[in-house]
Amino acid sequence: MSNDNKKRTRFAPSPTGYLHIGGARTALFNWLYARHYGGKFILRIEDTDQERSTEESTRAIFDAMTWLGLNWDEGPHYQAERIEKYKEAVRRLLDAGKAFRCDCTPDALEEKRKKALAEGRKPKYDGTCREKNLEWKPGSVVRFRTPQIGMTTVNDLIKGIISFNNEELDDLIVERSDGYPTYNFAVVVDDAEMGITHVIRGDDHLNNTPRQILLYEALGYEVPKFAHVPMILGSDKARLSKRHGATSVMAYREMGYLPEALVNYLVRLGWSYGDQEIFSLDELIRYFSLESVGRSAAVFNPEKLLWLNQHYIKEGDTDRLADLLCPFLKDLDLRVTDKALVKNVVGDLKTRSKTLVEMAESGAFYFRDSVEYDPKSAEQFLDREGRASLNAILEELPALSDYTKEGVENMLRTIAEKRTLKLKNVIQPLRVTLTGKTVSPGIDQVMITLGKEKVIARIKSALEFSKAE
RNA sequence: GGUCCCAUCGUCUAGCGGUUAGGACAUCGGCCUCUCACGCCGAGAACCUGGGUUCAAAUCCCGGUGGGAUCACCA
């Protein structure tokens, strides 16, 4: 009996494209709900659209979910492999007189739809074949005989009680002429047969819910609980789409985002736990509840996601970040052979990188054989004055025994004092010398990470370079 | 157009009849400082509107307005 109380949720994407931000959040909510209650999270691929479904999309969805850490307990189930189940359910409906065959052509239907719309009427199936008692023939479909009186109410866990007049609903097609089920039918059969207890999905499905409930009842299934989560909008309040920027989960990985940042961002879009902004996965599982999911749509805010990413980079484990950074360094054609160096670079850049891409770019100078000087920076700091400072450093450095952050800084301060210069006037030429730019981590830190030999070599190169100028 | 949903700073949100309406991102100041960041301190910024109910409404009810979703042999 206790097994009957187990919550079972599912994520059921159609493999017609990559996993997008909205789908990922829906998956995340389902996953969290199951994990919170110690239930099961099931993955089902809704590939009944033979035209648009692709294997690449299926793989892309798996990859994205795996990257986000949304592991599933059962599945993936494929609807295309379950055709017999749907056929059997259609048979039951037909036998019970709850469905009928219809041989109206798509063209005729489309014609009527247009006419209805033009006359300001609801474009609803007119019941042409309802009482004809047609036999199967090529091109015919099966329609559900939707009750035309009464009401159907949804007790939504997020939106509350919502009622629909059944007369608003028409006789939807459950089996297409190609023998495949339509979405509203397959989803009901599958959710019922897979024992899904809680259907958590986007609220764009809210209007489908009454007809699905009617199908559950007609088929003699227990109706699951529904929870419709609000949509994610773009900055113009329209449904989030490509024109608002990246919408693919994997695009964020490529842009150097950490999965925990995306998860943390997504979960807070529509859900909250008091004033808390940062959540570990354990906390999310512990705190998540549908009661605290909001009812209104949310605008996707890339700035806040970026802030979270920066946070997780700043707080992240250095070894792990070093592993994650390597591919991005290689994308920049950098030779990465020294793992210890990568770790030190991560240490230097953790507090000043919003993404791994940014970290790789600003850390590229550590890995190059020769420094690429930014022309403006070189012009400004590798001048006569700068060269004098560099020469002074070059005199002291080889003999410096205390090559530590403190030791190096003391040396630089002493040089500045001797030459009656501000510290920055010594450091900026050195910074350009070592990094090619005027912006970098603390110069002492850069020197330690680079090592004394490379520092000396780069100073010599800079002196050579500026002499030639 | 019909149906359904939604409505607190620019954005994400807290609030569940009595609060100086709180936090976060972003923005703008300041501090720190070798640059840039990080960090710290501070500022500006919101209850869509009109009616009720109530001693008291951001909170409950109704209307309006606005936004969104959906009306396929797509999912």
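Residues numbered from 1 in each chain as written. Chains lettered and ligands numbered in written order. Predicted model: local features only at pLDDT ≥ 70, side-chain atom pairs only at ≥ 80, totals over all residues. Heavy atoms only, no water.

Residues in close proximity to RNA strand B total 64 residues, the closest being Arg176, Lys314, Arg352, Arg431 and Ser440. The contact atoms of RNA strand B, taken as those within 4 Å of the protein, divide so that sugar and phosphate hold 72%. In the model, a phosphate oxygen of RNA strand B is placed 3.0 Å from a nitrogen or oxygen of the Tyr183 main chain. The side chain of Asn207 places a nitrogen or oxygen atom 3.4 Å from a sugar or linking oxygen of RNA strand B. Residue assignment for the surface near RNA strand B shows that the elements contributing at least two residues are helix H4 (106-118), strand E7 (160-165), helix H5 (183-193), strand E12 (298-299), helix H10 (302-315), helix H17 (423-435) and helix H18 (443-450). (Near = heavy atom within 4 Å. Polar contact = N/O pair within 3.5 Å; in protein donor to acceptor, adjacent residues only side chain to side chain. Helix = DSSP H or I, 4+ residues; strand = E, 2+ residues; numbered from the N terminus.)

What follows concerns unusual backbone geometry. Note on backbone geometry: most residues besides glycine have negative phi, and most peptide bonds are trans. In this structure, Pro76 follows Gly75 across a cis peptide bond, with omega equal to 5 degrees. Examined against the element boundaries, Pro76 turns out to sit in strand E3 (residues 74-78). Within the chain, Lys237 stands out as a residue other than glycine whose phi angle is a positive 70 degrees. By secondary structure assignment, the location of Lys237 is in the loop between strand E11 (232-233) and helix H7 (249-254).

Take the sheet that holds strand E2 (residues 40-45) next. Taken together, the three strands give an open sheet; going across it, the order is E1-E2-E3, and neighbouring strands pair in parallel fashion. For this open sheet the edge positions go to strand E1 (8-11) and E3, each flanked by a neighbour on one side alone. The sheet shows a mean angle of 25 degrees between the axes of neighbouring strands, direction not considered. Relative to E3, E2 runs parallel, the two sharing three bridges. Residue pairing for E3: Arg44 is matched across the bridge by His77. Docked against the sheet, helix H2 (residues 55-68) engages E1, E2 and E3, running at close to 155 degrees with respect to E2. (Pairing = 2+ DSSP bridges. Axes fitted to C-alpha atoms, helices over the stretch in contact; angles between N-to-C directions. Contact = heavy atoms within 4.5 Å.)

Turning our eyes to something else, we now look at the pairing of strand E6 (residues 151-156). Residues of E6 alternate between two faces, with Thr152, Val154 and Asp156 buried on one and Met151, Thr153 and Asn155 left unburied on the opposite face. Of the pairings in the sheet, the one linking E6 to E7 comprises six bridges and is antiparallel in character. Along E7, the bridge assignment pairs Asp156 with Gly160. Connecting E6 to the antiparallel partner E7 that follows it, the hairpin turn spans three residues. (Buried < 20%, exposed > 50% of the residue type's maximum accessible area, 1.4 Å probe, protein only.)

Taken as a whole, chain A shows an average pLDDT of 94; of its residues, 99% reach a score of 70 or greater. Scored by ipTM, the complex comes to 0.96, with pTM at 0.95. (pLDDT = per-residue confidence, 0-100.)

If you add up the space inside the largest pocket, you get close to 1100 Å³. Lining of the largest pocket is provided by 37 residues; of these, Ser14, His20, Asp204, His205 and Arg239 occupy positions nearest its centre. At the level of secondary structure, the elements contributing two or more residues to the lining of the largest pocket comprise E1, helix H1 (21-37), H5 and strand E9 (198-202). Ranked by the residues each element gives to the lining of the largest pocket, the list is headed by H1, at four residues. Tallied by class, the residues present in the lining of the largest pocket amount to 14 nonpolar, 13 polar and ten charged. (1 Å grid on protein atoms, 1.4 Å probe; cavity = no way out; pocket = protein on both sides within 12 Å on 5 of 7 lines; lining within 4 Å. Points joined across faces, edges and corners; volume = space filled by probe spheres on them. Nonpolar A, V, L, I, M, F, W, Y, C, P; charged D, E, K, R; others polar.)

It is worth spelling out the packing of aromatic side chains at this point. This model, assessed by the stated rule, comprises 17 aromatic pairs. When the ring centre of Tyr37 is taken as reference, the NZ or CZ atom of Lys7 above it lies at 4.5 Å. Cation over ring: Arg92 sits above Tyr221, and NZ or CZ is 5.6 Å from the ring centre. (Phe/Tyr/Trp six-rings, centres within 6.5 Å; stacked < 30°, edge-to-face > 60°. Lys NZ or Arg CZ within 6 Å of the ring centre and 35° of its normal.)

The biggest cluster of nonpolar side chains holds 102 residues, and the ones touching the most others in it are Ile393, Leu397, Leu412 and Met447. Top element by residues in this core is H1. It accounts for nine residues. Apart from the residues within four sequence positions on either side, Ile393 is in contact with Pro398, Met411, Leu412, Ile415, Val426, Leu430 and Ile459. Listed in part, the 34 residues of the second largest apolar core include Leu94, Val142, Tyr216 and Phe226. (Core = buried A, V, L, I, M, F, W, Y, C linked by side-chain atoms within 4.5 Å.)

Of note, Leu269 is situated in the loop between helix H8 (259-268) and helix H9 (281-287). Using a relative accessible area of 8% as the deciding quantity, one classes Leu269 as buried. Contacts of Leu269, omitting those with residues within four sequence positions, involve Arg25, Phe29, Ile232, Ala298, Val299 and Phe300.

Quick look at the side chain of Asn264 now. Assignment of secondary structure puts Asn264 in helix H8. A relative accessible area of 0% means that Asn264 is categorised as buried. Of the polar contacts made by the side chain of Asn264, one reaches the backbone nitrogen of Phe279; its length is 2.9 Å. Residues contacting Asn264, with those up to four places away along its chain left out, are Glu277, Ile278, Phe279, Leu308 and Tyr312.

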